[in-house]
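Chain residues, written in single-letter form:
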Amino acid sequence: RNQGILKATNFVQELLKNKIPTGGTVIDGTMGNGNDTLFLYKQVGDSGKVYAFDLQVMALENTRRIFRENNVFIDNKPIQLILDGHENIGNYVKEAIDGAMFNLGYLPSGDKNIVTRPETTLQAIKSTLELLKKGGMMSLVLYYGHPGGIEEKNSILDYVGQLESKKYLVMECSYINHENNPPIILLIEKK
Ligand code: SAM
C-alpha cells in the first residue's frame, strides 16, 4: 500500500521529491521551523544550494536547531538562511532554480501576529516564477485561518489562476470535508 492521503506539508514534499535533483538549487520562502529547509537540503545535497527566507530571528534559530539535531553543520554547507522577506528574493537569488516551497500563515510555535501578507506573497511568487527553470515546480500551502488570511488566499488564487496556461500548469488541492479552514495546496509547474 502507498501512504494514502497525506497532510499538506508531507504531500507537497512527496510531489517535489521527483522534481528536485541532487545538485539542484532551491528556495524555501518561509523557513519557519526549518522542516522544509531540511527536506530541501536532503534533496539537493552538498552539491546543491538552498536559499531560505524568514522575517523572524526565531525562525533562523529554530532552523539552525533542526539542522543540528539532524547532524548537519550548516556553516560548512551550501545553505543560506536569510533574515529578510521573501519579497526580496530577487536581491539574493541570481541563478535559475529547480524548485521552491512556501507555507503561508504564521509560525506555529511563534508570534501569531507575524503572518504572510498578500502584497509581499504575490511579489515573492512572481520573483520565484521568474527564477524557476522549465520543468521546475513551486508549492504553496495556504493556511488562512488568521486575520487577513482569506484576503491573502483570494488574491493568490486569483493571481495563479490567471497565469498563462502555455507557460504554467497550476493545480489546487484541498481537503474539502475538513472543518476550521483546512490548508489549500497549490502546485505550479513551469512548462
Ligand atoms: N515551512 C515552515 C516549517 O517547516 O516550519 C513553516 C512556515 S510558517 C507556516 C510561515 C512563516 O512565514 C513564519 O515563520 C513567518 O515568520 C514567515 N513569514 C511571514 N512573512 C514573511 C515574509 N514576508 N518573508 C519571509 N517569511 C515570512
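I will try to describe carefully the structure that is included in this document. (Residues numbered from 1 in each chain as written. Predicted model: local features only at pLDDT ≥ 70, side-chain atom pairs only at ≥ 80, totals over all residues.)

1. Observations concerning the overall build of the chain
Using the following cut-off: Secondary structure elements follow DSSP: runs of H or I no shorter than four residues count as helices, runs of E no shorter than two count as strands, and numbering proceeds from the N terminus. Our radius of gyration is a C-alpha quantity, and the globule rule it is checked against amounts to 2.2 Å times the number of residues to the power 0.38. Throughout, a pair of residues is in contact if the C-beta atoms placed from their backbones lie within 7 Å.
Helices and strands together make up the secondary structure of the chain, namely 6 helices and 7 strands. The C-alpha radius of gyration computed for the chain amounts to 16 Å, which stays within 12% of the reference 16 Å derived for 191 residues, consistent with globular compactness. Projecting the C-alpha coordinates of the chain onto the three principal axes gives extents of approximately 45 × 40 × 40 Å. Within the chain, contacts between residues separated by at least 24 positions form 74% of all contacts whose residues are at least 6 apart in sequence.

2. A few points about the nonpolar core
Note the following rule: Only buried Ala, Val, Leu, Ile, Met, Phe, Trp, Tyr and Cys residues enter a nonpolar core, and they are joined through C-beta atoms within 7 Å. Exposure classes come from backbone-placed C-beta atoms, where a residue is buried if 20 or more other C-beta atoms lie within 10 Å of its own, exposed if 12 or fewer do, and partly exposed in between.
Formed by 42 residues in total, the largest nonpolar core has its most connected members in V26, L40, V50, L140 and L142. Excluding its chain neighbours within four sequence positions, the residues that come into contact with L140 are F102, L104, I156 and L186.

3. Looking at the pairing of strand β4 (residues 97-103)
Stated formally: Strands were regarded as paired on the criterion that DSSP finds at least two bridges between them.
Along β4, 7 of the 7 residues are buried, which leaves the element largely enclosed by surrounding structure. Pairing geometry for strand β1 (residues 25-28) and β4, over 3 bridges, is parallel. For I27, the partnering residue across the bridge sits in β4 and is A100. Where β4 and strand β5 (residues 132-142) come together, 6 bridges link them in parallel fashion. Opposite I97, over in β5, you have L132 as the bridge partner.

4. Things to note about the site of the ligand
In plain terms, the rule: Throughout this description, a residue near a molecule or strand is one whose C-beta atom, derived from the backbone, lies within 6 Å of it. Any residue that is not Ala, Val, Leu, Ile, Met, Phe, Trp, Tyr, Cys, Pro, Asp, Glu, Lys or Arg is counted as polar, Gly included; the first ten are nonpolar and the last four charged.
Taken together, 21 residues sit near the ligand, with G32, N33, N35, G85 and L107 positioned nearest. Mapped by element, the contributors of at least two residues to the shell around the ligand are α2 (35-44) and β2 (49-54). When grouped by side-chain class, the residues that make up the shell around the ligand number 6 nonpolar, 12 polar and 3 charged.

5. With respect to helix α5 (residues 118-131)
Along an α-helix, a turn takes 3.6 residues, which lines up residues three or four apart on a common side. Using the following cut-off: Take the residue count of a helix, subtract one, and multiply by 1.5 Å to get its expected span.
The first and last C-alpha atoms of α5 sit 20 Å apart over 14 residues, in line with the 20 Å expected at 1.5 Å per residue. Of all the residues in α5, the buried ones are T121, A124, I125, S127, T128 and L131. For α5, the elements touching its buried residues are β1, α4 (89-92), β4, β5 and α6 (149-161).

6. Topic: the environment of K191
Note on placement: K191 falls in the segment after β7 (184-190). Residue K191 is classed as exposed on the basis of its C-beta count, with 10 C-beta atoms lying within 10 Å.

7. Some thoughts on the environment of L187
Tracing the chain through its elements places L187 in strand β7. As for L187 and L16, which are separated by 171 residues in sequence, their C-alpha atoms are 9.4 Å apart. The contacts of L187, once residues within four sequence positions are left out, are L15, M137, S139 and M171.

8. Comments concerning the pairing of strand β3 (residues 79-83)
Residues in a regular strand project their side chains so that they alternate between the two faces of the sheet. To be explicit about the condition: Here is how to tell: hold the view so the strands point away, follow the path from the first strand over the helix to the second, and if it runs clockwise the crossover is right-handed.
Here 5 bridges tie β2 to β3, and the two strands are oriented parallel to one another. In the sheet register, V50 faces β3, and the bridge partner there is I79. Viewed along the sheet, the connection from β2 through helix α3 (residues 57-69) into β3 turns out right-handed.

9. Examining the sheet that holds strand β6 (residues 168-174)
Applied cut-off: The axes used here are C-alpha line fits, helices contributing only the stretch in contact, and every angle between their N-to-C directions lies in the interval 0 to 180 degrees.
Strand order across the open sheet formed by 7 strands is β3-β2-β1-β4-β5-β7-β6, with mixed pairing between neighbours. The strands lining the two open edges of the sheet, one partner per strand, are β3 and β6. Ignoring strand direction, the axes of neighbouring strands in this sheet form an average angle of 10 degrees. Across the sheet, α3 touches β2 and β3, and the angle it forms with β3 is around 160 degrees. Docked against the sheet, α5 engages β1, β4, β5 and β7, running at close to 155 degrees with respect to β5.

10. Observations regarding α2
Across the 10 residues of α2, 8 count as buried, placing the element largely inside the fold. All buried positions along α2 are accounted for by D36, T37, L38, F39, L40, Y41, Q43 and V44. Those residues of α2 that are buried lie in contact with α1 (8-17), β1, β2, α3, β3 and β4. Positive backbone phi, approximately 70 degrees, marks G45, located one or two places after α2.

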